[in-house]
Structures are given as structure tokens and as C-alpha cells.
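For reference, the chains in residue letters:
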2 protein chains.
Amino acid sequence: MPESGLVEVGFVAPDGGRAVRRVRIERGASLLDAAQAAGVGMDATCGARGRCRSCRCKILSGDVSPATMQDTLQLGHEEVQERFRLGCQTRPVTACEVMALPPKSEAGHQILTGAGPAGAAVMDGAGFTLDSGVKKHVVVSNIPREEHHQTSDLAEVLAAVDPPPDRRVPLAVMRKIPQELRKRRGALTVTTFNRQVIDVEAGDASEHAYGMAFDIGTTSIVGTLMHLETGEELAAVGSVNPQTVYGGDLMSRIAYAQFDEKKLVTLRAKVLNAVNGFIKEACANAGVSPGHVYKIVVVGNTCMHHVFLGVDVTYVGLAPYAPAVSDGIVVAAGELPLKAAPNAQVCLLPIVAGFVGADTMACVLATRIHESGALRALVDIGTNGEVVMGSKDRLMACSAPAGPALEGAQIRHGMRGAMGAIEDVRIDDDVHCGVIGQAPAAGICGSGLIDACAKMVGAGVMDASGRMRPRHRDRLPAAVGARLRTTGTGAEFVLVWDADAGKGEDVTLTQGDVRQLQLAKSAIYSGIVMLQRVMGIGDADLAELMLCGGFGNYINIESAVTIRLLPRLPRDRITYVGNAAHLGAQMALLSERERIRAEELVHRIEHVALATHPEFQDIFVDGMAFEGPRSDRPERAAGNARSAAG
Amino acid sequence: MPESGLVEVGFVAPDGGRAVRRVRIERGASLLDAAQAAGVGMDATCGARGRCRSCRCKILSGDVSPATMQDTLQLGHEEVQERFRLGCQTRPVTACEVMALPPKSEAGHQILTGAGPAGAAVMDGAGFTLDSGVKKHVVVSNIPREEHHQTSDLAEVLAAVDPPPDRRVPLAVMRKIPQELRKRRGALTVTTFNRQVIDVEAGDASEHAYGMAFDIGTTSIVGTLMHLETGEELAAVGSVNPQTVYGGDLMSRIAYAQFDEKKLVTLRAKVLNAVNGFIKEACANAGVSPGHVYKIVVVGNTCMHHVFLGVDVTYVGLAPYAPAVSDGIVVAAGELPLKAAPNAQVCLLPIVAGFVGADTMACVLATRIHESGALRALVDIGTNGEVVMGSKDRLMACSAPAGPALEGAQIRHGMRGAMGAIEDVRIDDDVHCGVIGQAPAAGICGSGLIDACAKMVGAGVMDASGRMRPRHRDRLPAAVGARLRTTGTGAEFVLVWDADAGKGEDVTLTQGDVRQLQLAKSAIYSGIVMLQRVMGIGDADLAELMLCGGFGNYINIESAVTIRLLPRLPRDRITYVGNAAHLGAQMALLSERERIRAEELVHRIEHVALATHPEFQDIFVDGMAFEGPRSDRPERAAGNARSAAG
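Cut-off values and rules
- Residues numbered from 1 in each chain as written.
- Chains lettered and ligands numbered in written order.
- Predicted model: local features only at pLDDT ≥ 70, side-chain atom pairs only at ≥ 80, totals over all residues.
- Heavy atoms only, no water.
- Phe/Tyr/Trp six-rings, centres within 6.5 Å; stacked < 30°, edge-to-face > 60°.
- Lys NZ or Arg CZ within 6 Å of the ring centre and 35° of its normal.
- Core = buried A, V, L, I, M, F, W, Y, C linked by side-chain atoms within 4.5 Å.
- Buried < 20%, exposed > 50% of the residue type's maximum accessible area, 1.4 Å probe, protein only.
- Helix = DSSP H or I, 4+ residues; strand = E, 2+ residues; numbered from the N terminus.
- Contact = heavy atoms within 4.5 Å.
- Buried area = accessible area lost by both parts, 1.4 Å probe.
- Salt bridge = Lys/Arg side-chain N within 4 Å of Asp/Glu carboxyl O.
- Polar contact = N/O pair within 3.5 Å; in protein donor to acceptor, adjacent residues only side chain to side chain.
- Pairing = 2+ DSSP bridges.
- Axes fitted to C-alpha atoms, helices over the stretch in contact; angles between N-to-C directions.
- Right-handed = clockwise from strand over helix to strand, strands pointing away.

(A) Main features of the packing of aromatic side chains. Going through the model one piece at a time under the given rule, you end up with 10 aromatic pairs over all chains. In this arrangement the basic side chain of Arg 182 of chain B is found over the ring face of Tyr 315 of chain A, its NZ or CZ atom lying 3.6 Å from the centre. The aromatic ring of Tyr 525 of chain B is capped on one face by Lys 521 of chain B, whose charged end is 6.0 Å from the ring centroid.

(B) Molecular detail of the nonpolar core. Counting residues in each nonpolar core, the largest one holds 109 residues, and the members touching the most others are Phe 214, Ile 296, Phe 308, Leu 338 and Val 346 of chain A. Among the elements that make up this core, the one with the highest residue count is helix 7 (residues 261–286) of chain A (10 residues). Once you skip the residues sitting within four places of it in the chain, Ile 296 of chain A turns out to touch Met 212, Phe 214, Ile 279, Leu 338, Ala 340, Gln 345, Val 346, Cys 347 and Leu 589 of chain A. Counting residues in hydrophobic clusters, the runner-up holds 108 residues, among them Leu 154 of chain A together with Ala 274, Val 356 and Leu 589 of chain B.

(C) Examining the interface of chain A and chain B more closely. With 50 residues of chain A at the interface, the matching set in chain B holds 50 residues. Counting each side, the surface lost to burial between chain A and chain B is near 4,300 Å², with a carbon and sulfur contribution of 54%. On the chain A side of the interface with chain B, the three residues burying the most area are Glu 147, His 148 and Gln 150 of chain A, jointly 16% of the side's total. Viewed at the interface, chain B and chain A are joined by 2 salt bridges. Remark: the boundary between chain A and chain B carries 27 residue pairs in polar contact (both at pLDDT 80 or more). If you list the elements that add at least two residues to the side of chain A that touches chain B, you get helix 4 (153–159), helix 5 (171–183), helix 7, strand 13 (329–332) and strand 26 (605–607) of chain A.

(D) Looking closely at the sheet that holds strand 23 (residues 507–510) of chain B. Residue and element names in this part refer to chain B. With antiparallel pairing, 3 strands are arranged side by side in an open sheet as 21-22-23. The outermost strands of the open sheet, each flanked by one partner alone, are strand 21 (484–487) and strand 23. Strand after strand, the sheet turns through a mean of 40° between neighbouring axes, direction not considered. The pairing of strand 22 (residues 490–496) with strand 23 spans 4 bridges and is antiparallel. When the sheet's bridge partners are listed, Phe 493 is paired in strand 23 with Leu 509.

(E) Geometry of the pairing of strand 24 (residues 542–548) of chain B. All names here are of chain B. Of all 7 residues making up strand 24, 6 are buried, and the element is well covered by its neighbours. With 6 bridges joining them, strand 15 (residues 375–380) and strand 24 adopt parallel strand pairing. Among the inter-strand pairings, Leu 378 is bridged to a residue of strand 24, identified as Met 546. The pairing of strand 24 with strand 25 (residues 574–576) spans 3 bridges and is parallel. Each residue of the ladder has a partner; that of Leu 545, found in strand 25, is Ile 574. Read from strand 24 through helix 13 (residues 557–562) to strand 25, the crossover connection turns out right-handed.

(F) Local environment of the pattern of salt bridges. A complete count under the given rule lists 57 salt bridges over all chains for this structure. Across the pair Arg 564 of chain A and Asp 622 of chain A runs a salt bridge whose closest N-O atoms are separated by 3.2 Å. Highlighted residues: Arg 564 of chain A in the loop between helix 13 (557–562) and strand 25 (574–576) and Asp 622 of chain A in helix 16 (residues 616–623), separated in sequence by 58 residues. Judged by relative accessible area, which is 5%, Arg 564 of chain A ranks as buried. A salt bridge links Arg 485 of chain B to Asp 506 of chain B, with the nearest nitrogen and oxygen atoms 3.0 Å apart. You can see Arg 485 of chain B sitting in strand 21 and its partner Asp 506 of chain B sitting in the loop between strand 22 and strand 23, a full 21 residues away along the chain. Under the relative-accessibility criterion, Arg 485 of chain B is labelled partly exposed at 25%. Taken together, the salt bridges that share partners define one network made up of Lys 295, Glu 592, Arg 595 and Glu 599 of chain A.

All quantities given are derived from atomic positions and should not be read as evidence of function.
Okay, structure coming up:
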């Protein structure tokens, strides 16, 4: 909820002395901004992207925004619990006091950016090592010159590399060797991935070792270009998944390609072209050559993964919804083909189940839930939601078929979260909607839908079962009650009158829309409850519930709890961890240890198929209601809604 | 030299009793033909192709044709020395007595044909095992059916194969699995090469496991389709190498593609298209699917090898003539692409040196010179001749740049060994030429050239230095002397008068032609002598000189000795061993042990670069002369020539 105004931050010296330097900043600015405004020394080595530890600080008092994924990755879970934060990631909510700290000695700590020596950088606690598997060896190789005991060009090149690489070399490399070897009289850069030679170039080209991490989602594709030696992010690219024209959600995408090889080819061409375009674009933006992109990590749900490889998705869409392949995969770029170095290694993370894909695996990697002492849950809200729950001792996962309501589909005035979408709703004497881009309202997006329902329950516009109560409209403030009406197709609630709307008609939420939202949110909620049930744990046992994925960023967490999309945990135990799938892909890109870890981890994750579980039906029906079993407490709910809106 | 008439063969019973059964057969027929005519029990399990031992016999008296490659391969070198032979390979030269033997127990013996159980067959002495590395596993695989603990299609397929194959599976196989797995409710044939899965097919397709062996020569390409389980040869294909239009001999082929990537692509397309055509043709002839061809072994000289792979040959043509790659190579057919099973394994044998290629390596394999107790030499006569010499203790190799004279190039009336080519020459009171196809003479081929020179020296038409002696023509028989004349460009000798020729002019051999032949034959001869010199051995130490390659089949060995193309060894120590390169390729196709052996062997072979050797110039000049240092002994030489012609 955008809110203007100033907020005060006081900086305490690291020696603990009480010489406080105070500054007032715009609400929404970061602690780093505040430190810079206050003239307090706080570095931003990575450019304020949450990729280094140079702006580390400790919150001594006051409220700040929830810890992000970057906080946890850079500082470790324990420090975050102790209210250490990255200044660049943290926004003050109330007046607060902060101690800006000199970064811990960089040696021995993780650096995802160019701040430290490659390879030696290890993430504190989490044990992250920068080791992409790609190495560029600058060598001076002999050119064969003995007629009697002739060595081959290749043998001379291999002999110059230490440690000795695999003798089996891809054809494309063989084809380059004779010329590259002689361009600079034997001075060569030999690129290896693990033990395999994947490129040779004349001269010293050791600086140029790049990789890309892609998260191919049903809705969108995002990618980043990274320097493999320094971990620096050089460019970010992304767009809507161009396959969307063949079906917006996962099941319709699968249905399109099912039993039809040609349609699979069509879908595949769309995603390959897009990824190839992104490689080109990212490299152009960063001023590097796609021929120097040597490793590409791809994550995505099972359908996106299979389509990317050209593997039949027919049976992913039929019970028991098993993937065709689930192991981690490494293929040469030329085989797909991706237009990077011809022998760039394209690595796909492993898959847990048909609807718990490589993207979820990447989220697990990124959130380190597999190393957690405490029980935690990871929730990716989407058309198909995924829930992972557990700790280092046991991990379970399920998929929750929420359907596309949260993306605005099947909602009368539903739309994606774009310009003109209602994204938050406040109800007092009347209804006040926040619209993306401050434009006239054209419709409502998923986060707006959640917020609207939460506030409508809170205001008594509808009851906890989701039923609108037009007959009780006189109990509502007049302006609110005027919005609740009955039409030929049932009850509806006007969020924005046509005079203020951007589409010449009232923007309403219908009784049917509410039912769609209830189905969607109950699916996610039931997934969480089901895993709790199977693991035998209650809400109190969950130390943290982490929201990830693009959607999680936009929802009002209090509203999500109110409508029972999320369980009623203390607010500080629900965190938003960003695009963890993409971050996991980046980790696997920069660290073979992480990539290999995923191969082991996947066998530890127990998949729970919701639909086949005997208790699921009851949990799902119970989950349809808003505001828990304590139904019909409008005053309390309204209070909650107001405090959330505040 | 074709000679008609009958020859008598007596068959002695295997118990050594003297009950001889005699039969008279056409000269040129085999001992197997004789046995069948005589009603003597002699099997031909392999169809008289020298690929089994069922017609094994021992020559007790009389002369027979020299032992072939097949004799040596099937019986081993020792038995051949003791005059054991294969009946199907052996033709009586004089009346002889033969003991037909029951084949040695087949168990434990080599079978290159369908006669015995696959895998258990071991070649006697030589240790040949039928083990192509390709295995077809007929399995019943589960189709994933558990929603909770989902296995993937691939995991189920791999779990059904014993021993467990490599989990890394080619993309093309992944793409086939979902459908093939379900076509016959999980009944599958999984094909592996060593530990790698290379194909899956619904149902039981275990019968269909084929491979091809190719010898890609500068001049011609030959290939055979074989059953990998039985070793049976199913089809043979071959033609002139279509690259010939870009240069007939090796050096001009290299020169064409040197420093010009596009021309390399052109050459490569020619050979790939040809090989793909042969795969299609051979499979059509045998009624099998190219999709069931799982292993392809390719041998060829370094230039052909590199061009086949698309590797630059520029530096193969420049001192020190080193190959770009020399290790054995295995690539997937789809990478080249060859149109066999997409993951058929294309195996190229290793290379010794720029001009001692994978074809020579195959000859070494096939002749088992590396296992020989006695010193032996292997000579492949061609535009570029190769010589390998040694025993199990030490092996040396060199290449002898003979040039194209022996293929009829740079010879005024030279031509390939085709219809109308003079292939043998006899001189008595006049000159008598044997012409291929009994057609009117159109020119002279390499074997005819050798024979003509030998006979001309023998008859005194020219001296041992190769100089024609028109002024001494009155010492020759009148009809012969009339053929020796001087023209504006020097002396020449008419082999066929225009009245009998097929081209409206005299077919002659010029002084220049003789010089070209001398350069060519001295190159080969000097190679042999040089290796003897480096190894410190004389003619008496050479237990055998084996001629291989297409050309070796046609030359008159006595004439080759007379002109000092070959050293003066006792006649029975010079043998023709057939297309050993192709046989070696077949061995590597049918036996991984043989293929891997080549990888080890290549490091044991010492390469001697003739041109850089200080003694080479003298040896080469000395080698120009005919009939050794004992120059000018026309009577003796004539005697030799006559006995050879008899």
C-alpha cells in the first residue's frame, strides 16, 4: 500500500556509543538511502542489489520491512532472526534505530558480486562456494614439430592443461583447434567444464567466462547473465512466455501439446527462440559475446522443462502425472540448439514430481530449507501452487492446483497485475482502491482480489462463508452499502463506479468471482494444511513460512491470512523471499556444488499427491471459508483489516 | 595370369589312412569346390567367405595359392605356416594332396559369421571375441503409477535394465521414451552401447542389432553391413570416392581444402552423402532398417578421417604433417550427421601420424602383426604407401609418398584398373598383353605397368637403370625390337599396336613413364629398406611381407620383386592379405576389445619420417634401379620373369 510521508532513522555507531545521527527519509526509501543521506559510512559494493554484505546493519528498535531472500542468503538465517539486515533491502516502517556495521571480513564469506576473490568466497553458514565448474586455462601449447614422433594438435593442447582434462573432446572443439593453436603461436585459452574441454581460443581470453540462469515460468521467462568467475550479475532479461498464446495456464498448455508432436514442436520453438533472443539481448547489453557463455542453468516446472527439451508432456497431464525424466540433465547447447558457445553446458535441475518441478527444486536450493534446523514452509503461489515443508531432517512437497483466478482469469473484471489493475482495497465509510500506475481502474488483479475479499469480510460486506449479504446492506456505511447489489446473475459489489473507472462501466466483484477466489485460495491453503497434517505439526511448529515467486511480492500478507490463503502465523514468521526459483538457478550456475546438491536433494523430498489423500476433500471444503473456524467476527476482522491498511 | 586347364586334387582321410579320393577340377576353383565335386565332407558354414573354420584342411603336397588374410585370421599364423588352409580360400596351383579336417571344436573359436553362439566365440590364438559393445535388453518396465512417490518414465526404464546403465541418456532417447514405454504396456527393448543407453523401442526388437564398417580410401569407399550379435556380413557396398573430382590423389585433395573452410565443407558433404547413401543401400539390400544400425566403425587415412569429421586438414599437408587429432574418436551419428540410429556410435580408429592413418591402424589390427613372435612387414601400396614392420616387441611405421603413377596417373597411356586396361605383359618373340575384360587395350594400369617394366628389363628392352636401349634393338627378337623406337620426346615401347588397340593409336610406354614408375616404386621400396635399417634387420629376418589394400591384389608379386618395388624375399614369404583395413574395421565393429586395443597399440607404433632421415636420400636413389645392385643380369631376370608368367 503506497503511503507517503517521512520516517526517521537514527544511526548508532558500531562501537555502541550513543552518538546517534538522525535523518528523515521518504517512506519507501531504504536504510542504505538513509545512511547515504545521513553521511553514515555504508558501502554498496554490489550496487544495492542485495548481492554482497557491504551494507550490513542491525535493527536496534522500530519496525522495518520483512527480511528478503537476499538478507537470508547474504547473512544467514540466524543473523536475520537477530535482526541483522542488508541496508539496501530494508525499508523503515516506523521510526527506528540502526547500527551500520563494517562488513564482516569478506574472506570466508559469500560474494555473489565482483567484490572478492573468485573461488575462495564462501557464503557464511550456508557454505556457498563460487565454483561454476567452468575454468579457463591460459596455456602455451606446443605446435607439433617433430616429424618422427608426431603428436597431434589436440594432444599438444591437452598436454598443456593442468589438471589433465578428459581426452574425449567435442567435435566443435576439434574443428577449432588447428587454427586457434596457430593464431598466437600456441598461446591459447582452453575452457573446461569439470574435466571436459568445451572451448579453445587463441590468446588469453580468460576474462570472458559467462553463464546464464533462466527461470522459464508458465507465464514469464526471466534470465540473468552472470560472470562465472566473480559472480557478478551483468544483465537481466525477461518477458511474458510467448507460449501464452497457446494457453495461459499450465493445464491448457499441456492439453495443447498432448498427443500431438507437431504442437509440441511449436511450443518448443517459441521457448527456444525466446531464450535465444534473451541470450543475445543480455550479451549485447553487457557487451560480451554469446560465444563466451559456457554454462546455462534452466529451471521451470515439469511442463516447461519437458517442452524446452522437446520431451512429450502427454503423460504429465494424465494421472499419475509423472514426469518423463526427472534426473538433472546436462546437454550441450548445440544439441538444443541454444546460441551460446557450441559446447556450453545447459544444465536443468531435477524434478520432484509432475507438478513439483525443477523451479521448486531451485526454490529449495535458494531458501536452504534442507539445511534448516527449524521447520519451515516454502509456498509458491501461482496457477499451480507448490508447497515444500520441513527441515534438514525431512522434506515434503505437494502441488496445489489453484487455477488461474489469482492471475485474474475467470474473474469478471479480472486482469493481470498491469497498469489500471486494482491492487489494494481499503473500506471505511466508503471503498478506496489503489490502482497500479495511479490510472483509472480497468479491472482487478490477483493481489487486489485477495485484498478486496479480506476487506469485504472485515467490513461485513460478506460473511466468512464468502456469501455477499445484500439484504444486510443497511448495516453498512451508506456509501458502502450502495455498492452491494443484486443482479440477474447474483450479488455483486462495486469497487469503482463507472465515473472513476477506465472502461465505461462499474468495476465490480461478483459472487461468482468470490467463489473462484475461494477455490484457488483453498487449494493453496489445503496444500499447506495437508503437509502439516502428514508431518504431524501445527502452526506453532512452523518457524517460518516463505512466500516466493512473482506473485508473492504483491500480495498483502495480512489480507492473505484473513482470507485463509495462508495460515494464521505471527506476522514476522511470514516472509517474502523473492524469485527464489531464479535465485536457485543462479546458485546452481555459480556453484557446481549447489547443482549437484540438487541431484541428491531431489531424492530426499517426499511428494504428497493431494487429490489421492483420503483427508484432502474435507480439508479443501473447510479451506473454502474465510477467517478460519472463528466465523463471523466482523469487528475483529475489520480491526485487522484496518491495521493492515495502516 | 588366367590359365585354363584342369588340376588334380587328392583328398586324404583325416585319420591319416591312405584312402585317397581324387578329383580333377578347373584351375581357379577352390579346394572346397574340389571337395564338393569329390563328395568329400567339407562344410561351408559361412557360405565360402572365409569367415568360419568349417572347411579347414591341411596341404600335404603340391602348390596352392598363397594364404589369404582369412586363412590367417581363422587359423592363426602358426597353422598357416604348417600349411593348414581354409578350403574356400585356397586354389590348387599344381596337383596336390589335401587332408580335409573336421573343424576344431567351434566352442572357443572365432566365428565371424552366424555359425556360433554370440559372445562366446573366440578366435583361436588371436583371442578374438564377438563383443560389439551393443546390447539389446528385452525388459518389461513399469509405467509410473504412483501419484505420491512418482518415478519418471526414464527412471522406470533404467531400473529394468541389468546391469544398470549410465543414468545420463541422450536427448533423442528421452524424447522416445514416453510413447515407446506405453505402446506395449511397458514391454521394451533397450539398446546400450557399453554402459550408455542409445535407443528404446516398444516390444521385443532384440533381433535387430546391426553395424557397419567403412574404409574410406582416397580412391574408393567400401562398407559392409554386419549383424552385431552373430557377426554375419549382410551386405557389402562401395564405389569410387566422390571426392575424386576435387583431386585424384591425397596431396591434391589436401591442397584443395587447405586454408579454405568452404572447400572442406564441400569435400565433407561428398563423403557424408556417400556414406549415408551406403547405409541406406546396404540396409535396403539386407532388408533391415537404418534405425537399427547402432555402431559404425570408420577407418581411412588422416585426410579422409579429418574431412569426414570436418576437421581442418591444412596442417596435415604442411611439415611436420601432424594430424589435428589422433586419438580414437566416438561420436553420435546424429552429430555428423549419419542417418543410422540417432545415437548410433560412430567410432574412428586412432591415427599414427599424418600419413599413417586409421586405415593403417586397422591393417595392424587385422594382421595381428603386434602379436607376432617373428618379424613381419605390412605394406599398403597406394598413392601414399604405408609400411609397418615389427613384431610383438617393437613396431615401426612410415609412409612412402609413391605418387599417383601406380594408379595410372602421369603415365601417357595410364588408366585405372578398369575394362580395357593392360594388366599383365608377357614378352617372348613378341609382346603379349592381358587386358581387363579381354577388351581392346585402351591403356595401362598400375599392375600392368609393373609387369611391363619387369618383363622389359627381363627381355633386355631396357637396362637395370630403367633406360630404354633403342640402339640395341637389333639384339632383341625382331617383333620386339620393332616396338622400341625414339620419338621427339624420347624413347618409347609399343605394347599394343594401334590395329589391336581400342583407341586408334599405339599403346606405348615412354621413357618418362618408366621414370615415373621408378620414383613411385622406389618410394615404397625405400620405406621398407629404411625401416629394416632403423630396426637393424635384413631380408632374412623378415618372416613375412604382407601386401594389403586393393592394389596389392592385382600386382604380379614376382614382377614387383623384379623391379624392386618389393625386396627379394623367398616367394612364399610374400603374401597378399586382402583389404586388411576394411577387415580391421570389421573387427573393431564386432569387438570392443579390438577397438580398444587399437587405442593402446597406436602408442606403441614408432613413426619414422623418411624424408627427415639422413640416410633416406641415398636409399631412395639406390632404390630407383631395377633388379638390385646386381645390375644388368638380363638372363637371370628373364628367367625369373618367365617362371612368374608360367
